Amino acid sequence: MAEAAPAAGGAPTAPASGEPLTLTVDSQIWAQGCGHDYVIDKAPAQVPPPPVAQDAGPWASAQGAVHGRETNVEITVQGRRTSAVTLTALRVQVVGRATPAPGTVYAMELGCGGSLSKRYFAVDLDQDRPRARSVAGADVDTPIPAVRLPYRVSSKHPEVLLVTARTEGCDCSWYLELDWSSEGRSGTVRIDDHGRPFRTTSIKGLPRYWYGSDDGDRHWLPVTD
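Note that this is a predicted model, so its numbers are computed, not measured.

1. Comments concerning the packing of aromatic side chains
If you walk through the whole model with that rule in mind, you get six aromatic pairs. Ring centres 4.9 Å apart and planes at 45 degrees place the aromatic pair Trp174 and Phe198 in the tilted group. Here Trp174, found in strand β14 (residues 171-182), pairs with Phe198, found in strand β16 (residues 198-201); they are 24 residues apart in sequence, far enough to count as distant. Comparing Trp174 with Phe198 shows no difference in burial state: the two are buried.

Below, the structure is given as structure tokens:
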């Protein structure tokens with residue numbers, strides 16, 4: 001399997017000196033805190049039990065795991081000062097397309113938790129020119145309507161963006177670009193996985209397992225339709 005993405009545990013990513021905003025980026029986000037697929041080129045007996053969501057980064061890195069079918073990137077954007085910074089555009093740059101990675105799909109199906117209020121974006125990596133499209137989301141049981149950019153942030157008013165990128169047919173490497181403007185200045189911040197592109201691979205046709213019990217002993221079990 002090609003080189004796996006490193007763990008991203010939500011560590012701050014500092015934009016270039018002089019830019020009026022700060023970012024925290026985490027690409028190991030599970031849907032509603034409970035559901036996610038990883039592709040790992042190992043047999044089930046070689047893969048340890050799934051972690052809790054907050055430990056997903058180290059677990060995935062240790063297993064050489066690649067995000068299966070979708071990658072959720074949570075970006076917290078905050079201004080350095082009380083003066084507003086306007087977020088004007090969010091773009092997707094696909095820098096590599098390859099045959100889907102081989103391996104087995106391991107489903108992280110755990111008890112779901114609540115979600116934080118976020119701005120939701122969807123990306124179809126299979127398009128020739130993917131774009132980050134604002135979509136509706138939900139905060140626990142409360143619907144959140146889709147709200148297009150621009151957004152305004154400051155030191156007292158951060159925004160949390162959740163970008164969900166999906167593929168059905170490739171092993172895609174990609175990153176994001178966030179445009180900003182403030183007090184007559186403007187710029188662009190690259191958002192990636194600690195200096196490397198994010199990576200998402202198709203799971204079509206691969207065997208899929210979940211962690212459960214069929215005889216009193218918990219282990220990886222094949223998913224049957």
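2. Quick notes on the pairing of strand β17 (residues 208-213)
Relative to β17, strand β7 (residues 104-107) is paired through three bridges, and the arrangement is parallel. Across the sheet, residue Tyr106 finds its bridge partner in β17, namely Tyr209. Taking the residues that link successive antiparallel strands as the turn, the β17-strand β18 (residues 218-222) hairpin has four residues, and the phi of Gly216 there is positive, at about 95 degrees.

3. Quick word on the state of the cysteines
Under the defined criterion, the tally for this structure stands at one disulfide. Across the disulfide, Cys170 is cross-linked to Cys172 (sulfur-sulfur distance 1.7 Å). Note on the Cys170 and Cys172 pair: the S-S dihedral is about -80 degrees, so by sign convention the disulfide is left-handed.

Each value, and the rule that gives it
- Residues numbered from 1 in each chain as written.
- Predicted model: local features only at pLDDT ≥ 70, side-chain atom pairs only at ≥ 80, totals over all residues.
- Heavy atoms only, no water.
- Phe/Tyr/Trp six-rings, centres within 6.5 Å; stacked < 30°, edge-to-face > 60°.
- Helix = DSSP H or I, 4+ residues; strand = E, 2+ residues; numbered from the N terminus.
- Buried < 20%, exposed > 50% of the residue type's maximum accessible area, 1.4 Å probe, protein only.
- Pairing = 2+ DSSP bridges.
- Disulfide = S-S within 2.5 Å.

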